[in-house]
Amino acid sequence: MVLCPVLGKLLHKHVVLASASPRRREILSNAGLRFEVVPSKFKEKLNKASFPTPYAYAVETAKQKALEVASRLHQKDLRTPDVVIGADTIVAVSGLILEKPVDKQDAYRMLSRLNGKEHSVFTGVAIVHCYSKEGQLDTEVSEFYEETSVKFSELSEELLWEYIHSGEPMDKAGGYGIQALGGMLVEYVRGDFLNVVGFPLNHFCKKLVELYYPPRQGDLQRARQDSIPPVDTFENPRDVDGAGCMPVQRTAGSSKDRAEAGTDHQAGGTLDTDCNRMVGPLPPFPASLLELVDGFKVSKALFTACRLKVFDVLKGEVPQKAEDIASIVDISVCGAKRLLDVCATLGLLERSEREMLNASIGTHKRMIEMRGDGQIDENTVLEHKVYVLCSTSSFRRRGGQKTPHIQLPMEPFPLFQNTSLQTREDKLQFVGAMHSLGKLTTRQVVTAFDLSPFASACDLGGCTGALARELSRQYPRLKVTVVDLPDIIEHVFCFQRDGPEMARVRFQAGDFFRDSLPKADLYILSRVLHDWPDDRVQGLLSRVSSSCRPGAGLLLVEAIMDSEERKPRASLMWSLNSLLQTGGRDRCVADYRALLEQHGFGDVQEAPAGPGLTALLGTRVGQ
Ligand SMILES: O=c1[nH]cc([C@@H]2O[C@H](COP(=O)(O)OP(=O)(O)OP(=O)(O)O)[C@@H](O)[C@H]2O)c(=O)[nH]1
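Cut-offs and rules
Residues numbered from 1 in each chain as written. Predicted model: local features only at pLDDT ≥ 70, side-chain atom pairs only at ≥ 80, totals over all residues. Heavy atoms only, no water. Helix = DSSP H or I, 4+ residues; strand = E, 2+ residues; numbered from the N terminus. Contact = heavy atoms within 4.5 Å. Areas by Shrake-Rupley, 256 points an atom, 1.4 Å probe, with all protein chains shown as cover. Phe/Tyr/Trp six-rings, centres within 6.5 Å; stacked < 30°, edge-to-face > 60°. Lys NZ or Arg CZ within 6 Å of the ring centre and 35° of its normal. Expected span 1.5 Å × (residues − 1). Buried < 20%, exposed > 50% of the residue type's maximum accessible area, 1.4 Å probe, protein only. Near = heavy atom within 4 Å. Polar contact = N/O pair within 3.5 Å; in protein donor to acceptor, adjacent residues only side chain to side chain. Salt bridge = Lys/Arg side-chain N within 4 Å of Asp/Glu carboxyl O. Axes fitted to C-alpha atoms, helices over the stretch in contact; angles between N-to-C directions. Parallel < 35°, antiparallel > 145°, perpendicular 65-115°, else oblique. Left-handed = near helix turned anticlockwise from the far one by under 90°. Nonpolar A, V, L, I, M, F, W, Y, C, P; charged D, E, K, R; others polar. Pairing = 2+ DSSP bridges.

A.B. asks: A description of the overall build of the protein chain should follow, citing residues and the corresponding values.
C.D. replies: Helix and strand counts for the protein chain stand at 22 helices and 16 strands. Long-range contacts, defined here as pairs at least 24 residues apart, represent 72% of the contacts in the protein chain between residues at least 6 apart. When the accessible surface of the protein chain is summed, it comes to about 28,300 Å², and 52% of that surface belongs to carbon and sulfur atoms.

What follows is the structure, encoded as structure tokens:
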């Protein structure tokens, strides 16, 4: 997993580490970077005296190491790498530069110099961007160094020799390895520890930010003025991508990078006028705002349980099973399970094994009922349009029949047939909410896996194309088709302005349950399956599967529940929500894996895809 978002910028590039150092390899791969290792053949014998400072020597050596690898790979007619990283670590003490000892005596000389003193460790780093122009190698070199101070204790001759005989000093700058036995020699370290070990990861990430998100004039001033970053308000769908709704972001990458990605803007950085403006570091995820937005669902679940007299049934403190409670209060078993799960996760019920036990809300019940009655009138239902179906009647068995599931209309996108979403304004508001919500995680979704091997993608139920836009931005060769209902596609223009990435995005109005699916190397179902009842999910996956050639991918993105379907709370709330609105449900990873495998997708991989979301990527096996 990539923790530092800027490392994601290198995710789709051919990155080469021009180093034989196992420590550098470990530091970078632990950080989530994917790269090839090609040790440099550059001989480290530059004339030290010709450099004004020790770090200038380290930086030049790092640069020469990286350039040697870049030109060797280019000449060998291998694929010219996109980025080559070189590094050189040295120790500087009393005006001397110490590199790796050549033998034990040399190690002894070095360690004796360091004994009882403070010294500096410098690592020079070169990041070389490579371009092949008409067969010629063109490079852009960025370089920096990091300094760390290290103080050795007073060490006895005996200890020094014992350490030298361990063999550890031989491949290490200054003759010691701080990360292993050599750590015992060190009294203190001031600065970046990893820099001593061989690679200043923190400074490296900062350098990438500088390269990929160069500051624009006015940013600093704006940052000072905007103590609270502006957020999407959901008020006017046209604002969603409009100016002023997101913190201003910078355009990424070198000019070549941007040209490839189709996001080139004027050098020097004028305002990024294409509308998504998600190219910079990810804006903070508005978790607490979303919690507030969804807060009414929590009280709604409580009031509903009260009105259904769930707590009365349990007041005898005799544990009851969900099935029994369902039967007593006359609701479907499926509805009871989900409502009780939510009540349990809210702490309103205690769970003992597979049974439910009333918790301590008894004495407060009147207050809850009074508030609940005031607000859950079945006609007003908290005046929230999307949640209009959530009333006690939604849980009732239809027509007194003992059906195990709630009966709900199963036409495509029932929300659009919901009486509360009849006007164009209502629909726009709903699509706008979906667009804003989707946009919060598009970047994490499209970078959860390296999708660069795919040439075409089809985002089924892709709504306004927020995900498609980000896909196109991140994968400059990818062509994306968004399929959604005509009612939704009709409103796309309200949310997407033209921009270079949109040239590779096309919209197809249609019903993915009925109409033929466009051919693609990768199909995407992002937050779609949970909206549909099981038979519809099976039908949709089977349609996708038969549209896939062997090797094609299917990317599922969903909020995942734990295997017992007891947490997280947000997923339980979503699952209850899905049941009430569309008859769907959220699932655990094993269920989604099983679904993928059942429909011919193997090698299923799993990765986080933003707050609360998980992505699963399966590959269609041969038919
Ligand atoms: O505490 C520690 N200090 C230094 C090291 C390791 O020392 C070497 C430094 O050598 P250099 O920078 O020339 O790198 P090489 O190993 O020769 O690999 P290249 O192919 O990149 O030239 C480096 O490996 C540090 O990791 C240490 O481990 N601990």
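A.B. asks: Hey, could you go over the environment of Leu-579 for me, with residue numbers and the actual values?
C.D. replies: Inspection of the secondary structure puts Leu-579 in helix 21 (residues 569-581). Considering only alpha carbons, one finds Leu-579 and Leu-339, 240 residues apart in sequence, at a separation of 10.0 Å.

A.B. asks: Describe in detail the packing of aromatic side chains, supporting the description with residues and values.
C.D. replies: Centre distance and the angle of the planes are the two values used to describe a pair of aromatic rings. In total, this model carries nine aromatic pairs according to the counting rule given. One cation-aromatic arrangement involves Arg-536 over Phe-513; the distance from NZ or CZ to the ring centre is 4.4 Å.

A.B. asks: Please give an account of helix 13 (residues 333-345) that cites residues and values.
C.D. replies: With 13 residues, helix 13 should reach 18 Å at 1.5 Å per residue; the first-to-last C-alpha distance of 18 Å fits that figure. The element helix 13 is largely enclosed, with a buried count of ten among its 13 residues. Listed as buried for helix 13 are Cys-334, Gly-335, Ala-336, Arg-338, Leu-339, Leu-340, Asp-341, Val-342, Cys-343 and Ala-344. Looking at the residues trailing helix 13, positive phi occurs at Gly-347, about 80°.

A.B. asks: Run through the site of the ligand, naming residues and quoting values.
C.D. replies: In the neighbourhood of the ligand, 21 residues make up the surrounding shell, with Ser-19, Arg-24, Lys-65, Lys-100 and Val-197 lying closest. At 2.8 Å from an oxygen atom of the ligand is found a main-chain nitrogen or oxygen belonging to Thr-89. Residue Lys-100 places a side-chain N or O atom 2.3 Å away from an oxygen atom belonging to the ligand. For the ligand, whose unbound accessible area comes to 580 Å², protein coverage reaches 94%.

A.B. asks: How would you summarise the pattern of salt bridges if you had to cite specific residues and measurements?
C.D. replies: In the structure shown here, the tally under the stated rule is 24 salt bridges. Glu-323 is the salt-bridge partner of Lys-337, the closest N and O atoms lying 3.5 Å from each other. Taken as a pair, Lys-337 in helix 13 and Glu-323 in helix 12 (residues 322-329) lie far apart in primary sequence, 14 residues in all. Given a relative accessible area of 39%, Lys-337 falls into the partly exposed group.

A.B. asks: An account of the packing of helix 12 against helix 13 is needed here, citing residue identities and associated values.
C.D. replies: For the pair helix 12 and helix 13, interaxial distance at closest approach is 8 Å and the crossing angle is 115°. With respect to helix 13, the element helix 12 is oriented roughly perpendicular. As for how helix 12 packs across helix 13, the hand of that crossing is right-handed. The segment helix 12 lies against helix 13, with Ala-322, Glu-323, Ile-325 and Ala-326 engaging Val-333, Ala-336, Lys-337 and Leu-340. Broken down by class, the residue content of the contact of helix 12 with helix 13 amounts to six nonpolar, no polar and two charged.

A.B. asks: Please give an account of the sheet that holds strand 16 (residues 613-620) that cites residues and values.
C.D. replies: Sheet architecture is open: seven strands sit in the order 12-11-10-13-14-16-15, paired in mixed fashion. Sheet topology places strand 12 (505-509) and strand 15 (601-608) at the edges, where each strand pairs with a single neighbour. Pairwise comparison of adjacent strand axes, ignoring direction, gives a mean angle of 20° for this sheet. In this sheet, strand 16 lies alongside strand 15 in antiparallel orientation, the contact comprising six bridges.

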